Amino acid sequence: MNNDTVQITGRNQLLLRIFLVAVFLFGLVGSNLSYAADVGVSSSSVAARIAPVGRVQIEGQEPIPENVASKSESEVPELIAAPRPSRGDYPDIGVSSRAVVWILAQMHLFFGALVLAVPLFVLVIELMGFKTGDERYDDMAHEFMKISLTGFSITAIFGGSLALALFVLYPDLMGYMMRVFGAQWLVYAGLFFLESFFLYTYYYGWKAMRYGNLKWVHLTLGLLLNASGMTIMVLSNSWATFMMAPSGVNEVGAVVGNIWEIMKGPLWNPINLHRFIANIAFGGAVVGAYAAFKFLSTSDPEKRAHYDWMGYTSNFIAILAFLPLPFAGYWLMAEIYAYSQQMGITAMGGILAWLFIVQAVLIGTILLAGNFYLWSGMSRTEGSVRYQPLIKYIAFVLVICFLTWVTPHTLILSASEIAELGGSHHHILGPLGIMPAKNIAVNLMLVVTFLSFQLYRRSDKVATVPWAKAGNALLVAIYVVAMVNIIFLGVYYGYFTNTVYKVGSSVAQVGSTLVVIIAGIVIDSLMFKNAKTLPSHWGKIPDRSQYALFALPIAFTWLMGLMGYVRSSVKTHWHVYTVMKDNSPDNFIPTIGYAGNMITIVTVLFLLFVLFMFWVANLSATKQPKPVAALEGGEA
Amino acid sequence: MLAKTLGFSLALTLVFTLVTYLLPQVEGEAPVEPKVDLGSLTMDDFVALGENLFNNKGTCTLCHKPPPLGRAPDIAGMDMLATSSKRLADERYKGKAKDAEGYIRESLVDPSKYVVATWGKKGTNDSVSPMPAVDKAPIQLSVMEMDAIIAYLQAKDGNEVTVSLPSPEAAAEVAAAAPAQGAAAAPVLAATPEEALQKYTCTACHSMTSKDALVGPGLLDVGARLSADQIRQSIIDPNAVISEGFPAAMPADFAAKMTVKELEMIVNYLAEKKQ
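Residues numbered from 1 in each chain as written. Chains lettered and ligands numbered in written order. Predicted model: local features only at pLDDT ≥ 70, side-chain atom pairs only at ≥ 80, totals over all residues. Heavy atoms only, no water.

All right, on to the overall build of chain A then. Across its full length, chain A carries 22 helices and four strands. Within chain A, the proportion of its 636 residues that are buried is 51%. Counting only contacts in chain A whose residues sit at least 6 apart along the sequence, the fraction spanning at least 24 positions is 81%. Carbon and sulfur atoms provide 68% of the accessible area of chain A, an area that totals close to 30200 Å². (Helix = DSSP H or I, 4+ residues; strand = E, 2+ residues; numbered from the N terminus. Buried < 20%, exposed > 50% of the residue type's maximum accessible area, 1.4 Å probe, protein only. Contact = heavy atoms within 4.5 Å. Areas by Shrake-Rupley, 256 points an atom, 1.4 Å probe, with all protein chains shown as cover.)

Moving on to the pattern of salt bridges. The final tally for this structure, using the stated rule, is 18 salt bridges over all chains. Note that Lys 113 of chain B and Asp 110 of chain B form a salt bridge whose closest N and O atoms lie 3.5 Å from each other. On the accessibility criterion, Lys 113 of chain B (28% relative accessible area) is partly exposed. With a relative accessible area of 30%, Asp 110 of chain B lands in the partly exposed category. Each of Glu 126, Glu 135, Asp 138, Asp 139, Arg 210 and Lys 215 of chain A takes part in one network of salt bridges that share partners. (Salt bridge = Lys/Arg side-chain N within 4 Å of Asp/Glu carboxyl O.)

Before going further, it helps to spend a moment on the environment of Ile 157 of chain A. Relative to the helices and strands, Ile 157 of chain A is located in helix 5 (residues 135-169). Sequence separation between Ile 157 of chain A and His 108 of chain A is 49 residues, and the spatial gap between their C-alpha atoms is 8.1 Å.

Turning our eyes to something else, we now look at a nonpolar patch on the surface. Residue and element names in this part refer to chain A. Where nonpolar side chains cluster on the molecular surface, the patch consists of Ile 487, Phe 488, Val 491, Tyr 492, Tyr 495 and Phe 496 and spans about 580 Å² of accessible area. Along the chain, Phe 488 falls in helix 18 (residues 468-495). Exposure remark for Phe 488: the relative accessible area of 47% places this residue in the partly exposed category. (Patch = residues over 30% accessible without salt bridge, like charges linked within 9 Å, V, L, I, M, F, W, Y side chains within 5 Å.)

We now examine the side chain of Asn 315 of chain A. Following the sequence through the fold, Asn 315 of chain A ends up in helix 11 (residues 301-322). Not counting chain neighbours up to four residues away, the residues in contact with Asn 315 of chain A comprise Gly 370, Tyr 373, Leu 374, Leu 549 and Leu 552 of chain A.

Next up on the list: the interface of chain A and chain B. Taken residue by residue, the interface counts 60 residues in chain A and 51 residues in chain B. With both sides pooled, the region where chain A packs onto chain B buries about 4900 Å², and carbon together with sulfur makes up 69% of that total. Considering only the side of chain A, the residues that lose the most area to chain B are Arg 84, Gln 341 and Gln 342 of chain A, jointly responsible for 13% of the buried surface there. Between chain A and chain B we count zero salt bridges in total. Sorting the residues of the side of chain A that touches chain B by element identifies helix 10 (268-297), helix 12 (325-339), helix 13 (341-348), helix 14 (355-377), helix 19 (499-527), helix 20 (546-569) and helix 21 (592-619) of chain A as the ones contributing at least two each. With 10 residues, the single largest contributor to the side of chain A that touches chain B is helix 21 of chain A. Partitioning the side of chain A that touches chain B into residue classes produces 34 nonpolar, 21 polar and five charged. (Buried area = accessible area lost by both parts, 1.4 Å probe. Nonpolar A, V, L, I, M, F, W, Y, C, P; charged D, E, K, R; others polar.)

Let us now look at helix 17 (residues 435-458) of chain A. Along its 24 residues, helix 17 of chain A runs 34 Å from first to last C-alpha, staying within 8% of the 34 Å computed at 1.5 Å per residue. The element helix 17 of chain A is largely enclosed, with a buried count of 22 among its 24 residues. (Expected span 1.5 Å × (residues − 1).)

What follows concerns helix 20 of chain A. Each turn of an α-helix holds 3.6 residues, which means side chains three or four residues apart point in the same direction. Taking 1.5 Å of rise per residue, 24 residues should cover 34 Å, and helix 20 of chain A covers 35 Å from first to last C-alpha, within 8% of that figure. Counting buried positions along helix 20 of chain A yields 19 of 24 residues, so the element is predominantly enclosed.

This part covers the packing of helix 20 of chain A against helix 1 (residues 2-22) of chain B. Relative to each other, helix 20 of chain A and helix 1 of chain B sit at 40°, their axes nearing to 10 Å. With respect to helix 1 of chain B, the element helix 20 of chain A is oriented oblique. The crossing of helix 20 of chain A and helix 1 of chain B is right-handed. In this structure, helix 20 of chain A contributes Tyr 547, Phe 550, Ala 551, Ile 554, Ala 555 and Trp 558 of chain A to the contact, and helix 1 of chain B contributes Lys 4, Thr 5, Phe 8, Ser 9, Leu 12, Thr 13, Phe 16, Thr 17 and Thr 20 of chain B. Class assignment for the residues of the contact of helix 20 of chain A with helix 1 of chain B results in nine nonpolar, five polar and one charged. (Axes fitted to C-alpha atoms, helices over the stretch in contact; angles between N-to-C directions. Parallel < 35°, antiparallel > 145°, perpendicular 65-115°, else oblique. Left-handed = near helix turned anticlockwise from the far one by under 90°.)

This paragraph deals with the environment of Tyr 547 of chain A. Relative to the helices and strands, Tyr 547 of chain A resides in helix 20. What makes Tyr 547 of chain A buried here is its relative accessible area of 18%. On a C-alpha basis, the gap between Tyr 547 of chain A and Leu 323 of chain A in space is 21 Å, while along the polypeptide they are 224 residues apart. Not counting chain neighbours up to four residues away, the residues in contact with Tyr 547 of chain A comprise Leu 296 of chain A together with Lys 4, Thr 5 and Phe 8 of chain B.

With that out of the way, let us pick up the confidence of the model for chain B. Residue and element names in this part refer to chain B. Scored by pLDDT, chain B has a mean of 82; 88% of the residues are at 70 or more. Ranking the helices and strands of chain B by mean pLDDT puts helix 4 (residues 100-109) first, with 94, and helix 6 (residues 168-177) last, with 60. This stretch, residues 178-186, has a pLDDT under 50; its non-local contacts, to residues over four places away or in other chains, come to 11 contacts. In the model output, the complex is listed with pTM 0.74 alongside ipTM 0.79. (pLDDT = per-residue confidence, 0-100.)

To continue, consider unusual backbone geometry. The omega torsion across Ala 137 of chain B and Pro 138 of chain B is 10°, close enough to zero to call that bond cis. Mapped onto the fold, Pro 138 of chain B is located in the loop between helix 4 and helix 5 (143-155). Even without glycine at this site, Asn 530 of chain A takes up a positive phi of about 60°. Here Asn 530 of chain A falls in the exposed class, since its relative accessible area comes to 69%.

Here is the structure:
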């Protein structure tokens, strides 16, 4: 009782101290404010002469009113145009400045994406564990956090190095960006304190706040960790989108708007959404590789079952986030076209158009690997034999669509080859090279990937509802109608009307794909409620399937690098599009081969750093046995 | 195990890299300002300059392509004289042009004055054009460059070219007007001797490629005739020594306008012209 009293008194004392400090600070602020309010001075001659210098008020006299005219003049912000650096203003360090910034920025973005994504799905998994009472979810969520923890430091190291490199190599650009964004940079820096606080309390408080009401406190910490991380992301996105489509500045780059007008450019939200979704897919893929590696490294059936389940969950997260990504991409490209048709065409129909062949290869790899993993995973359940005959048809559609997607439009040919072909476009394959064919291909690939996923989810269940047959018939009808619609829209509007309708029809194609996905989820969740469950054996999956989990992060990493190249290149020879020209020696769009080399370098670097991250995560669980000699009295 | 997984990952990365090498290796150069010697410019050269601008710096062909690839009317495939007459007579036309030349110029700087049906910005009912004004960033064509494009669009179908060749005075005006584009902007410093010569419109009066006299003497062999100091003096104080037979027409304010770096670049460049 006495102890309680003492504690309460102690708390009160603490509160009192805080209160006194607050009153003191408030007093300081208040006195400054009252001083600020009293600075007007009298109109007498002596006072008027000294007022402009120090705003001194003569004792006993009325305050001098401020000279309104001079105040308004002094308050008119000076419009300063964006700098126009010449070639000589860019420091030459002997290697390409762009290459240095490219590597540092990409590494920062890879790790940034990872550490933003992991806490997001960790929070969801933790919540699932809490709601279902299944502690395996909680353990897995904790393990995900453990393996990504070093990633926060690596992100910060590359972020700091990137900032320094930019200041050294592009001083005029950074000076301009500092001027435009002003105090927002300090808010950005301040958010790291918040994020770090929530990160460490969330991770290290995991076991201390595991059950009951404390779990809610823990989940709240996770939510706040994600909120601060997301805010950091959208703030930094605004710099990139300002450079692509500046807002809040006039045509010579002078700031004319407030910070909100500067941030909220036409591409800000499309990029925010695109990166948000892509980060989840990327993060899921990276932790999936960790699970695959651990699965292959052990022969313990219990551990294999655990890592198989972890790999499956990671793949599920990656593919689920990946499916809506093309739609976010559509929105981004539509906004780019709306902002500047010229910029849109530079990306999609100009010099960068070839890059989308590589993109097709990468996305094709992701979809094939994702599908292959799902098909392999069917061996875990006995009920999957019902669906296995369908796999060959899905594979066939995937391969045909993949080949369509990678078909180039214009071929690089010699004069004799052109004569033999009858032009630079092949008369049959040429039409497959343009966007309508590719829109059909990508939508069909997404539809059949969802089908694979749906079949996998059904393979360990038997529906018991009386309307199961009708439900299946409805689902088949939705698939057939959607696929026919996707093909019809692509062929009719893509080849028999003008470009405006072609772009419009792609939205309807995407709509068809979304209808399949949403209808599939709704019908299955209703049909398999209280369904009979068939036995499922985690860990019973061929080793080769795990290589799909390595292929996913490699393809995702490469894809992110490639899309970074196109996002930055659409600015062509501008640092900040239309307001600040890039006059550096690197103010040209490099060839796709050069970009490929750079992307490979950053992908391999990322791979090595991720291995380090995984190694450090496992190091904490490794305990060196006490040397035998020491046990025997220290005699060697 | 580690070697196997690393090997697989690296091999996959290299496959992706290989794909990039199977594609055409094209570099997207920053637009190069065409160097025009106004003294020896013919109308054919001017039309050719216009064609070059149409295909490159003007970025016109990004959108103006034959169907189905185009995102704007296929200008190269239509007679612009006949087309302009039709559009000027159309009740949807909102501009002030009276002839083809005026119509094309207006379309370049204010494309929404007439939007061809079905090619307008989405949701504007063909009242707003998606085309950027070419005299503004990011394209930033000068008046002379727009004239060259008009000349090309007139000449390509065998029509009469109505724009006149740019005079040295007009070029000087363009050069003088250029910094005014961004009133608050700092002057652009020339990075190369060629840029400096263009910036101060030296080539409007002096030929760099021949000894022939225009307004001033040709400078092809100036390095053989004058020392670096003499060249510097001729620029800073052009009226101190005037070449025989030439008027005292060279501006005397270059010393105030040029930076030391620009002056030295020009002097060194000219001093080496000894042919």
